[in-house]
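Residue-level listing of the chains:
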Amino acid sequence: MDVRTALEKAIIANELSGNLAVAYRFSDPDGLRTGKSGYSFGRCQFDIFNNGRAIQCLLECGFTPAEIDRLKRQNGPIADLNAKLRAAAAIVDRYDASEIEHTIAWVREVCGARGITFANDEALVHACDYHNQFGMQAGGKAVTCLAALHRPVTAGDIKAYKLATAWGKKRPDDVERRFDNIVRIMRG
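Residues numbered from 1 in each chain as written. Predicted model: local features only at pLDDT ≥ 70, side-chain atom pairs only at ≥ 80, totals over all residues. Heavy atoms only, no water.

(A) Representation of the nonpolar core in the model. One finds F26, F41, L58, F63, L71, F118 and M136 to be the most contacted residues of the largest nonpolar core, which totals 55 residues. Discounting chain neighbours no more than four positions away, the residues touching F26 are Y39, S40, F41, L58, F63, L71, I78, L81, N82 and L85. (Core = buried A, V, L, I, M, F, W, Y, C linked by side-chain atoms within 4.5 Å. Buried < 20%, exposed > 50% of the residue type's maximum accessible area, 1.4 Å probe, protein only. Contact = heavy atoms within 4.5 Å.)

(B) Structural context of the packing of aromatic side chains. Under the counting rule described, the total for this entry stands at 6 aromatic pairs. For the pair F26 and F41, a centre-to-centre distance of 5.7 Å together with 70 degrees between the ring planes defines the contact as edge-to-face. With F26 in the loop between α1 (3-16) and β1 (40-41) and F41 in strand β1, this pair connects stretches of sequence that are 15 residues apart. Ring centres of F41 and F46 lie 5.8 Å apart, and the angle between their planes is 45 degrees; this geometry places the pair in the tilted category. Taken as a pair, F41 and F46 share a single burial class, namely buried. Among the aromatic residues, those joined into a ring-pair cluster are F26, Y39, F41, F46 and F63. A cation over a ring is seen here: K84 above F63, with NZ or CZ 5.3 Å from the ring centre. In this structure, K159 is placed above the aromatic ring of F179, and the distance from its NZ or CZ to the ring centre is 4.5 Å. (Phe/Tyr/Trp six-rings, centres within 6.5 Å; stacked < 30°, edge-to-face > 60°. Helix = DSSP H or I, 4+ residues; strand = E, 2+ residues; numbered from the N terminus. Lys NZ or Arg CZ within 6 Å of the ring centre and 35° of its normal.)

(C) Expanded view of the packing of helix α2 (residues 52-60) against helix α5 (residues 89-113). As a packed pair, α2 and α5 sit with axes 9 Å apart at the nearest point and diverge in direction by 150 degrees. When the axis of α2 is compared with that of α5, the two are roughly antiparallel. Along this stretch, α2 crosses α5, giving a crossing that reads as right-handed. The segment α2 lies against α5, with R53, Q56, C57 and E60 engaging I91, V92, R94, Y95, S98 and E99. Tallied by class, the residues present in the contact of α2 with α5 amount to 4 nonpolar, 2 polar and 4 charged. (Axes fitted to C-alpha atoms, helices over the stretch in contact; angles between N-to-C directions. Parallel < 35°, antiparallel > 145°, perpendicular 65-115°, else oblique. Left-handed = near helix turned anticlockwise from the far one by under 90°. Nonpolar A, V, L, I, M, F, W, Y, C, P; charged D, E, K, R; others polar.)

Laid out in structure tokens, this is it:
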């Protein structure tokens, strides 16, 4: 299986619990009005508070500025907006496909610049899943840690790094779940 297909399957498993229908409705995984994130949508769970591409996608889907503002405020029922999102599924899919391609290219670029190689495609998919969830920064902690290994990075290395983060300490079950999903997809 190619990396792009594997990453798409991993994102569906990890972000949508395997239910593709979730991509076409707004959800807020950290709870309404927490201030950390807003409603998310798509396979890649574009966060309308933290991702400018999410707003671009919604505009292309035909959402008005007032509707986008309503989503940002997370105020009131949104069944009508979920229906509008479902009707624009093809546009959302196009944005997701672009984001998946960008994720793979970004991880390869920032890791390659630091001399990081991957033991196999499975390790690369784990790194891409990390980027999709947290964002892999060129000079960030994840890249610095992986570069310090001075050998090809394995899936286990990505898992160990994630378990050492604040999120991994708070939610090791989530780290394990995501890891297991990718292993299942890659080793089929």
